[in-house]
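Inside the fold
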Amino acid sequence: MSALKQRIDSLLVEPGCATNHAKSDKARKEGCKKPLTPGAAAGGCAFDGAKIALQPVVDVAHLVHGPIACEGNSWDSRHVYSSGPQTYRTGFTTDMAEFDVIYGGEKRLYRAIKEIIEKVDPPAIFVYQTCLPAMIGDDVEGVCKAASERFGKPVIPVNAPGFAGSKNLGNKLGGEALLDHVVGTIEPDYTTDCDINLIGEYNVVGEFWQVKPLFDELGIRVLATFCGDARYRDIASSHRAKAAIMLCSQALINIARKMHERYDIPYFEGSFYGIADMSDCLRKISKLLVERGAPADLPARTEALIAREEARAWAKLERYKTRLKGKRVLLFTGGVKSWSVVSALQEVGMEIVGTSMRKSTQNDRAKVTEIMGTDAHMFDELPPREMYRMLKESKADVMLSGGRSQFVALKAKTPWVEINQERHHALAGYEGIVNLVAEIDKALYNPIWAQVREPAPWDIEEIELRGSAHHG
Amino acid sequence: MAEVIAGKKACTVNPLKMSAPIGAALAFLGMERALPLLHGSQGCTAFGLVLFVRHFRETIPLQTTAMSEVTTILGGLENVEQALLNIKKRADPALIGVCSTGITEAKGDDVAGFLKLIRDKHPELEGTEVVFAPTPDFVGGFSDGWARAVTAMIDALVPRTKVRTPWQVNILAGCHLTPGDVEEIRETVEAFGLRPIILPDLSGSLDGHIPETFLPHTLGGTRLEDVREMGSSALTIAIGEQMRPAAELLEKKTGVPLRVFDRLTGLAACDAFIALLADLSECEVPAKYRRQRSQLQDAMLDGHFYFGEQKVAIAAEPDLLFTLSHFFADMGATVTCAVAPQEAPVLARVASETVRIGDLGDFEQHAGGCDLLVTHSHGRQAAARLGIPFWRAGLPTFDRLGVAHKVSVGYRGTRDLVFEVGNVFMEQLHAHEQHITPSALHSAPPVDAPAGAGH
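Residues numbered from 1 in each chain as written. Chains lettered and ligands numbered in written order. Predicted model: local features only at pLDDT ≥ 70, side-chain atom pairs only at ≥ 80, totals over all residues.

1. A word on the overall build of chain B
Helix and strand counts for chain B come out as 18 helices and 15 strands. At 23 Å, chain B has a C-alpha radius of gyration in line with the 23 Å of a compact globule built from 455 residues. Across its three principal directions, the C-alpha atoms of chain B cover 85 × 55 × 45 Å. Out of the 455 residues belonging to chain B, those deemed buried represent 59%. Within chain B, residue pairs in contact and separated by at least 24 positions form 72% of the contacts whose partners lie at least 6 positions apart. (Helix = DSSP H or I, 4+ residues; strand = E, 2+ residues; numbered from the N terminus. Rg over C-alpha atoms; globule rule 2.2 N^0.38 Å. Buried ≥ 20, exposed ≤ 12 C-beta atoms within 10 Å, placed from the backbone. Contact = placed C-beta atoms within 7 Å.)

2. With respect to the overall build of chain A
Looking only at helices and strands, one finds 22 helices and 13 strands in chain A. Here chain A holds 472 residues, and 51% of them are scored as buried. Across chain A, the fraction of contacts at a sequence separation of at least 24, relative to all contacts at a separation of at least 6, is 72%.

3. Quick look at the domain arrangement of chain B
Residue and element names in this part refer to chain B. Each assigned domain of chain B is listed with its residue range as follows: domain 1 (20–157), domain 2 (165–205 + 215–290) and domain 3 (300–434). Taking only C-alpha atoms into account, the centre of domain 1 sits 26 Å from that of domain 2. Across the boundary between the two partners, domain 1 contributes 27 residues, which contact 24 residues of domain 2. Across the side of domain 1 that touches domain 2, the residue classes tally to 18 nonpolar, 4 polar and 5 charged. (Domains from an automatic or database assignment. Nonpolar A, V, L, I, M, F, W, Y, C, P; charged D, E, K, R; others polar.)

4. What to know about the nonpolar core
What tends to happen in soluble globular proteins is that the nonpolar side chains get buried as a cluster. In this structure, Leu-63, Ile-125, Ile-199, Ile-235 and Ala-244 of chain A together with Val-150 of chain B are the most contacted members of the largest nonpolar core, which totals 281 residues. Of all the elements, helix α2 (residues 42–56) of chain B adds the most residues to this core, at 9 residues. Not counting chain neighbours up to four residues away, the residues in contact with Val-150 of chain B comprise Ala-27, Leu-172, Leu-199, Pro-200, Met-243 and Ala-246 of chain B. (Core = buried A, V, L, I, M, F, W, Y, C linked by C-beta atoms within 7 Å.)

5. Describing the environment of Pro-93 of chain B
Residue and element names in this part refer to chain B. Looking at the secondary structure, you find Pro-93 in the loop between α4 (77–91) and β5 (95–100). As for Pro-93 and Gly-127, which are separated by 34 residues in sequence, their C-alpha atoms are 8.5 Å apart. Leave out the neighbours within four places in its chain, and Pro-93 touches Arg-33, Ala-34, Leu-35, Ile-87, Thr-128 and His-217.

6. Here's the deal with the pairing of strand β9 (residues 233–239) of chain B
Residues and elements named next belong to chain B. Of all 7 residues in β9, 5 are buried; the element is thus mostly enclosed. In this structure, strand β7 (residues 165–173) lies alongside β9, joined through 6 bridges in parallel fashion. Along β9, the bridge assignment pairs Ile-171 with Ile-237. Pairing of β9 with strand β10 (residues 258–261), which is carried by 4 bridges, proceeds in the parallel orientation. Pairing of Ala-238 across the sheet is with Val-260, part of β10. For the handedness criterion, the β-α-β arrangement of β9, helix α11 (residues 244–254) and β10 is classed as right-handed. (Pairing = 2+ DSSP bridges. Right-handed = clockwise from strand over helix to strand, strands pointing away.)

7. Structural notes on the environment of Pro-211 of chain B
Here Pro-211 of chain B lies in the loop between α9 (202–205) and α10 (224–227). For Pro-211 of chain B, a count of 11 C-beta atoms within 10 Å translates into the label exposed. Sequence separation between Pro-211 of chain B and Ile-96 of chain B is 115 residues, and the spatial gap between their C-alpha atoms is 21 Å. Ignoring any residue separated from it by four or fewer positions in sequence, one finds Pro-211 of chain B in contact with Lys-411 of chain A together with Leu-219 of chain B.

8. Let's talk about the interface of chain A and chain B
It is common to give the size of an interface as the accessible area that goes away when the parts come together. Taken together, the contact pairs 53 residues of chain A with 56 residues of chain B. Sorting the residues of the side of chain A that touches chain B by element identifies α4 (46–54), α5 (68–72), β2 (92–93), α6 (98–103), α7 (106–119), α8 (131–136), α18 (384–392) and α19 (406–411) of chain A as the ones contributing at least two each. It is α7 of chain A that provides the largest number of residues to the side of chain A that touches chain B, a total of 5 residues. Of the residues contributing to the side of chain A that touches chain B, the split by class is 27 nonpolar, 14 polar and 12 charged. Of the strand pairs in this sheet, β2 of chain A and strand β2 (residues 12–13) of chain B are connected by 2 bridges, and their pairing is antiparallel. Looking at the pairing, Thr-93 of chain A lines up with Thr-12 of chain B of β2 of chain B.

9. A short note on the sheet that holds strand β1 (residues 3–5) of chain B
Residue and element names in this part refer to chain B. Pairing within the open sheet is parallel, and its 6 strands lie in the order β1-β13-β12-β11-β14-β15. Single-partner strands in this sheet number two, and they are β1 and β15 (390–392). Strand-to-strand twist of the sheet, defined as the mean angle between neighbouring strand axes without regard to direction, takes the value 20 degrees. Strand direction decides the pairing type here: β1 and strand β13 (residues 354–357), joined by 3 bridges, are parallel. If you follow Ile-5 over to β13, its bridge partner there is Arg-356. (Axes fitted to C-alpha atoms, helices over the stretch in contact; angles between N-to-C directions.)

10. Things to note about the sheet that holds strand β3 (residues 34–39) of chain B
All names here are of chain B. Strand order in the open sheet made by the 4 strands is β4-β3-β5-β6, with parallel pairing throughout. Unpaired on one side and paired on the other, β4 (63–64) and β6 (129–133) mark the two borders of the sheet. Here β5 pairs with β6 via 5 bridges, running parallel. Paired with Ile-96 across the bridge in β6 is Val-130. The strands touched by helix α6 (residues 111–121) within the sheet are β3, β5 and β6, with β6 carrying the most contacts at an inclination of about 165 degrees. Its contacts with the sheet place helix α7 (residues 142–157) against β5 and β6, and it is angled at close to 135 degrees to β6.

11. With respect to the packing of helix α1 (residues 20–28) of chain B against α2 of chain B
All names here are of chain B. In the contact formed by α1 and α2, the axes pass within 10 Å of each other and the chain directions differ by 55 degrees. In terms of axis orientation, α1 runs oblique to α2. Regarding α1 and α2, the two cross each other, and that crossing is right-handed. Contact residues: Pro-21, Ile-22, Ala-25 and Leu-26 in α1; Cys-44, Gly-48, Leu-51 and Phe-52 in α2. (Parallel < 35°, antiparallel > 145°, perpendicular 65-115°, else oblique. Left-handed = near helix turned anticlockwise from the far one by under 90°.)

12. Remarks on the packing of α7 of chain A against helix α9 (residues 140–151) of chain A
A pair of packed helices is captured by two measures, namely the crossing angle of their axes and the spacing between those axes. Residue and element names in this part refer to chain A. Between α7 and α9, the shortest axis-to-axis distance is 10 Å and the interhelical angle comes to 35 degrees. When the axes of α7 and α9 are compared, the crossing they make is right-handed. Each of Glu-106, Leu-109, Tyr-110, Ile-113 and Ile-117 in α7 lies in contact with α9, whose residues at this interface are Val-140, Val-143, Ala-146, Ala-147 and Phe-151. Residue composition of the contact of α7 with α9, by class: 9 nonpolar, no polar and 1 charged.

Below, the structure written as structure tokens:
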């Protein structure tokens with residue numbers, strides 16, 4: 001059994017995962033491998049997932065070892081922001097050609113690493129393995145090891161070839177690369193009693209900057225973010241944190257659990273989306289930090305901050321309540337946790353007519369059921385055709401989803417708001433939920449909807465003629 | 001004649017190139033009731049899908065055989081079989097275009113053989129054509145994949161015939177043409193009383209229209225029954241050198257003579273095209289085109305002040321690079337930096353001293369000192385760093401609206417292109433003028449934000 005296979009098998013029986021806990025022993029041993037259906041599959045591959053998880057490390061050069069498809073077709077497509085270095089936005093790839101397939105791509109990879117060090121000199125290089133070199137047997141780990149030794153610089157292999165599995169698995173394989181090669185390799189300059197890690201926060205369109213001032217005000221220092229706006233050094237010295245928050249469902253649960261085991265960093269699962277969730281996160285982290293030696297007044301200061309921020313957010317949301325009351329939302333997302341958005345939208349009086357639970361855990365399901373009072377509106381899958389039908393039949397006033405289904409909504413002439421990781425609006429924190437509601441309001445009340453839904457004059461005549469023929 | 005310089009780097013920096021399989025997939029998307037199927041891991045499809053959705057702002061039907069590590073090693077027969085059956089059941093398309101990828105080609109999957117076996121075994125696939133385009137990711141690039149798919153369709157779908165229909169013309173459209181360009185070409189050909197069969201026809205499928213219902217395959221595009229009639233046309237007009245092999249295959253199969261137009265942008269090129277249509281149809285050139293020709297002449301007169309001696313850097317797919325380089329040369333500008341993502345015979349004829357096979361890293365390195373950058377949206381980072389005005393051309397253009405409707409072929413298209421690019425030059429002229437005031441001469445001029453550059 002290959003090392004990669006073993007690694008994948010261990011990730012598929014993740015003990016920290018609530019879904020796994022809920023399974024019988026036998027089912028748990030089988031793992032959560034979901035075979036993909038040829039001709040009816042959608043979604044990214046493991047390489048895609050690894051890249052999503054790690055590319056937000058902004059000062060590192062991300063080098064994709066593979067043919068042009070893997071990087072050439074996909075680079076520069078995610079809006080994760082950096083407060084400093086821009087190295088992560090450069091697309092590096094070995095662009096393997098026929099010659100490399102026949103003779104192996106290891107030499108080209110080594111030379112590529114050398115070129116990057118000579119030209120860019122980043123603090124580290126992440127090398128992503130892809131299907132083709134994995135299949136022809138390129139030893140990426142070996143090349144990275146040799147390059148690290150030769151150039152005296154961390155060259156980190158990320159072994160997540162696309163055909164290993166889904167995007168979600170790829171997130172975790174990306175996390176494994178950090179655990180194996182980066183975390184714990186550098187000591188921080190200093191530590192405090194309030195150092196935390198954020199796991200699964202990517203700083204999409206800079207949204208973490210809406211949350212960071214809250215931590216700053218409380219004196220909580222974010223030692224490392226996995227991996228939004230992160231520096232290599234942050235991740236490498238993250239093992240000295242006192243506590244961690246695991247965000248983004250369970251994309252990087254393996255990092256949270258293993259850092260708990262190895263470095264005794266307790267964690268909890270939280271979310272920055274929605275007022276209640278944001279407050280809950282702040283409460284839990286301050287409580288956890290006090291247990292770990294933080295000043296005893298932290299919870300009280302946290303409560304004061306929460307009270308102030310919640311009041312401010314509610315005041316901002318007030319103007320939307322009459323405008324959005326009773327508006328029906330179809331929520332279709334995997335990344336941003338469904339239940340936290342569900343509760344937030346209900347807070348302003350919107351009605352949820354459906355929500356997808358594709359990437360959600362049993363816990364999430366229970367929470368959604370609790371919030372909505374029923375599980376009748378949960379979808380595991382909603383094929384585009386079905387989604388279109390719902391919208392066309394006016395079963396919802398607005399759809400919230402990822403970019404891929406944007407045009408299903410628009411073709412059904414239905415307002416649409418983007419909420420997944422390619423989005424252009426910062427949705428995190430107290431500010432974020434106000435932004436989301438403002439975006440929904442802006443979409444719903446745009447004057448185009450009435451115009452584009454109006455049939456052409458000659459079609460109206462036809463409809464009327466048909467109508468009168470029926471009556472006659 | 002341009003000297004073509006091959007790249008020597010091991011590491012591509014900021015790719016200009018895209019892969020052959022998605023080029024082939026886009027060609028299949030120009031067919032009516034079609035669904036392209038990439039034979040590879042699901043990421044191959046997902047990346048292509050996202051790329052096209054961002055560029056066209058449309059739903060894109062695109063499927064995958066979802067190969068895993070194990071099925072790759074064992075061979076993909078079963079995955080191809082299952083994919084075809086699932087697609088047939090769910091979408092019932094008229095055409096499934098199968099494109100191979102890097103792993104399935106390196107493994108050596110005999111897809112053509114698979115398809116024979118699957119066809120024999122499953123009569124329920126009746127009514128759906130399946131065409132295979134071999135497109136390993138590690139050979140060539142986007143336009144090569146497109147050309148492969150068109151050649152494969154001609155090979156598989158056009159029967160040999162001796163019938164001739166004198167008013168029928170084949171148009172083989174290269175991947176550098178927008179849906180708007182294709183529409184313009186169709187209207188022009190039809191204006192001469194000729195019947196064009198356009199392959200592939202993105203103007204029907206990806207022109208941004210609203211269908212009445214949701215379809216899991218393309219709506220609009222070249223109809224299969226029209227492809228089958230291509231053998232009886234009077235002439236094949238190939239637009240772009242990339243279409244030459246497909247036109248030659250068609251000639252070999254059916255005897256339809258061919259004429260390759262390496263571009264349809266620019267006065268002389270348009271003249272040749274219109275004259276050919278007049279000849280073929282034995283019609284007078286309609287007044288409309290005489291008028292448009294005059295408008296283009298006028299646009300060139302008005303615009304040449306702003307193009308003269310401007311230095312331009314272009315990075316684009318080979319036929320687009322060829323077209324744009326000659327457009328700029330025709331207007332008096334000089335292409336001082338030309339970069340193509342992959343080799344192509346047409347590159348030797350690009351209007352520039354040299355053409356580099358390379359990436360946007362090379363582009364950025366050699367474009368310094370130019371007055372204008374021309375490439376697809378990925379050039380935005382280089383434009384921001386260099387502080388040079390940036391005019392977007394090619395796929396993907398994900399940060400501008402209406403890219404499908406941009407027209408740069410024909411008299412009218414060339415006229416509008418002169419205006420659009422001329423305006424970019426003119427804006428710079430005005431931006432500089434503002435700084436040449438007596439006070440500005442004594443203090444440091446403010447740093448000017450590059451027009452059109454940015455996030």
